[in-house]
Every structure is written in structure tokens, then in C-alpha cells.
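Each chain, written out:
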Amino acid sequence: MRKRIIQIAFVIAGSALAVTLLPLLWDLLGYSKQRWVNNPITDVLLGAIIFFLLSFALWRVVDHAIRRIEAFLNEQPPLVLLVGSLSMIIALVLAVLITLPLQQFHNNFFVSAVVPGLVMLLFAYFGFRIGTTRIDDLVRMVTLEGLRTRINKPRRANSNSDVLTDEETNYHHYKILDTNILIDGRIVQLVKTGWVEGTLLVPNFVLYELQYIADEGDALKRVRGRRGLDILNELRDIQSIPLEMWEGDYDDIKEVDEKLIQLAKDINGILVTNDYNLNKVTSFQNVEVLNLNELAGALRTSVVVGDHLHVQLVKKGTERSQAVGYLDDGTMVVVEDGQEHLQAYVEVEVTSSLQTDAGRMIFGNYLQ
């Protein structure tokens, strides 16, 4: 089917070119007065036959070029295609206005037809390229954030009032915070160091989950929820990085983790978490994740076999005679033969260590 369409296009193009060019050829060959040669019907037939024969040799080249263009367009986001098409249309309008005087030279085919055609092709190409390569500037200029984010545009939380005001900068640098990262609290110190850039984004459904946890009957959960709300207020007061609230929701999605993943996809954001399971799910779905536990593990001082540690044993281990303690940075230390020394500070010789996405574990022997 594609072959037939391409061949028909060749025939139409050949007929149009023949009607324009063959009269000039007949004039050069001295057949301009021969009506059986120099007439529109003969010109159309000759052009159609010649280009139909050429189509058998060239249709594959044209088909290959069309397929490459289709593949390129299919890879582009809808917003890129929209802005590129609009900029190309504007460029074509400008090309028509510029070449309009040239089209009055009817006696000169090159000036009246070829030059305008080339100018239109160049303007169309550069219009599309400028529209797609400078899309961020164009989006800000014509305020199309609603098209880019698809749903409600995030707004910046004003530290001086409860009113949320529009913020246009950093709209494509969102770091989305989940519930666990707010309860954890280490994000505050990380932000204060200046290592996090862009804009922190807290969805409303995360805020509602924190409020729900803070109102729980269980005292431990209530403390965790209130801690998350306090951390959120601390982040709002930090001036070095903007904090925004996202007021949208996904009514067709029930789980908060799934909503976070969908939001990260929609706004091209990065999810900040310390949830091991959420980290695995987001990585599988090709969503960028910043895992605070991985960062903490990378920054911890390495412990090698044979090192001696001083640690307090706080609870029993899973195996017989084992006890568990923690270093100052939260690293778990499992001590063999330490169960008889609970709540005491002991010296431990490191025998091995295990690093996981959920944290690091150190194994050692109790020294007499």
C-alpha cells in the first residue's frame, strides 16, 4: 500500500513538473510551434510516465526516509510535537510573506517557484528545530505549564502566610518527598548543606497521610505523624530551596506509593525516599529515585574485618546468644555471645559486614 501511495505521489509530482518545465524544453529544441508536441496533455503524460518509471527505483529510498521521520516523531513527547508544529507554521507564514514579491516574476521560473520553495523548506526546518530545542524558554514565555504538568501546576508555599502563590522557576527540577522521608527527618540537614537543588515538592495526599498518622490512636504512630508535620514546617522555613505543595490527586489510584510514582512520571520529577520497597518499584518503572539510605551508606566510614568497636547492646538477636547494638549513625551491629551483656557497653571485633539498600549490618564477636 505504501509503495502505491509513493508511486502516485511520484506521478503527480512528475505531471506538475512537466507542465512547468517541458514548454521550456520544447522552446529550446525548436518544437514550440508543434502543437502535437507542445501541449499540456502531452506534457502531463510524459511527466507521469517518466516519474512512474523512476518510482520503481526510488520508492524504497523515499519509504525509508518516511519511516525514519515517523520513528523520530513517535519518540517525541506530545508537547514537543505541539510546540514544534506551531513554530513551523509561524515560520511558513513568514516565508510566504517574504517570498510573495518573488512569485510575481512569472517569466522566471527559478525566481517565482524554485526560490520560494527553498525558502519555505528552510523556514519550516528551522522553525521546527527552534521550537523543539528551545521548548523550555517557549513554555515559560507563553505560560504553558498546564500542558507540561498535565494536571494542577505546583505552587510554592509562602512562609509568611497560608496562601500558596504561583512559582514559575524550577518547574522541571522537582524533588518529590514521600511520607517516610518526612518522618525520617534527615532531609532537613541534607537540604541545609546545599546538596539538594531544584524545588522540593510535597503532594497533598502525602500531607493528608501525615495528618492521618498524627491522629492515630497508637501513641508511637501519633508521634511519627507529628514529627513528619514538624519536618515539613522546618523545610518551609529554609530559604535556600523552594518548597511547593501539589494540590492535585489521582482518584483512580488508591495507594499513596502508586500516586507518587504516577506524579513523578507526569512532571518528570525525582522521588526522594528511604523506603526500600518503594525504591525497588520505582526503579523497575524507570522513575528516578534518590534513596537517603543509599546516600548515608555511601558516606559512612568503612569498617574492615579486625576493627574493634565500642557499642551498647540493647536487645537480643534472632539467633541464640546473639545481641544487637547500634553505632551512632544507626548502623546495626550483631554481636555473637553478647546476650549476657544486654544494656552494657562492650568491645566488639568485626568479623564481617553486609551492605544493602535498606542499610548496613556489621557482625562481630564479643571480646572478653
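Summarised in this report is the structure supplied together with it. (Residues numbered from 1 in each chain as written. Predicted model: local features only at pLDDT ≥ 70, side-chain atom pairs only at ≥ 80, totals over all residues. Heavy atoms only, no water.)

### Quick word on the overall build of the protein chain
The helix and strand inventory of the protein chain stands at 13 helices and 12 strands. Here the protein chain, with 368 residues, has 36% of them falling under the buried criterion. In the protein chain, the share of contacts with a sequence separation of at least 24, taken over all contacts with a separation of at least 6, comes to 63%. Carbon and sulfur atoms make up 59% of the accessible area of the protein chain, which amounts to about 22700 Å² in all. (Helix = DSSP H or I, 4+ residues; strand = E, 2+ residues; numbered from the N terminus. Buried < 20%, exposed > 50% of the residue type's maximum accessible area, 1.4 Å probe, protein only. Contact = heavy atoms within 4.5 Å. Areas by Shrake-Rupley, 256 points an atom, 1.4 Å probe, with all protein chains shown as cover.)

### Examining the pattern of salt bridges
Overall, the coordinates contain 3 salt bridges when judged by the stated rule. Residue Asp-63 is joined to Arg-67 by a salt bridge in which the shortest nitrogen-to-oxygen separation is 3.0 Å. One end of the pair is Asp-63 and the other is Arg-67, both in helix 2 (residues 40-75) and 4 residues apart, which spans about a single turn. Judged by its relative accessible area of 10%, Asp-63 is buried. Residue classification places Arg-67 among the partly exposed positions, given a relative accessible area of 44%. (Salt bridge = Lys/Arg side-chain N within 4 Å of Asp/Glu carboxyl O.)

### Some words on helix 10 (residues 219-237)
Between its terminal C-alpha atoms helix 10 stretches 27 Å, which fits the 27 Å expected from 19 residues at 1.5 Å a residue. Those residues of helix 10 that fall on the buried side of the exposure criterion are Gly-225, Gly-228, Ile-231, Leu-232 and Leu-235. Along the long axis of helix 10, the arc covered by the buried residues comes to 120°, so they all point the same way. Those residues of helix 10 that are buried are in contact with strand 3 (174-177), helix 7 (179-184), helix 8 (186-193), strand 4 (199-203), helix 9 (204-214) and strand 5 (243-246). Put simply, Asp-218 is the residue that caps the front of helix 10, since its side-chain oxygen is 3.3 Å from the backbone nitrogen of Lys-221. (Expected span 1.5 Å × (residues − 1). Arc of directions from axis to C-beta. Polar contact = N/O pair within 3.5 Å; in protein donor to acceptor, adjacent residues only side chain to side chain.)

### Things to note about the pairing of strand 9 (residues 323-326)
Examined bridge by bridge, strand 8 (residues 308-316) and strand 9 share 3 bridges and lie antiparallel to one another. Looking at strand 9, one finds that Lys-316 is bridged to Ala-323. Counting the residues that bridge the hairpin from strand 8 to strand 9 gives 6 residues, and of these Ser-321 lies at a positive phi of roughly 75°. Pairing analysis gives 4 bridges linking strand 9 to strand 10 (residues 332-336), with the strands arranged antiparallel. Note on strand 10: the bridge partner recorded for Ala-323 is Val-335. (Pairing = 2+ DSSP bridges.)

### Some points on helix 1 (residues 2-29)
In an α-helix, one full turn covers 3.6 residues, which means residues spaced three or four apart are oriented alike. With 28 residues, helix 1 should reach 40 Å at 1.5 Å per residue; the first-to-last C-alpha distance of 38 Å fits that figure. Of all the bends in helix 1, the largest measures some 40° and sits at Val-19, one to four residues before the proline Pro-23. All buried positions along helix 1 are accounted for by Ile-6, Gln-7, Phe-10, Gly-14, Ser-15, Ala-18, Leu-22 and Trp-26. Looking at the packing, one finds that the buried side of helix 1 touches helix 2. Where helix 1 terminates, the next one or two residues include Gly-30, which has phi positive at roughly 85°. (Bend = angle between axes of the 7 residues up to and from the residue.)

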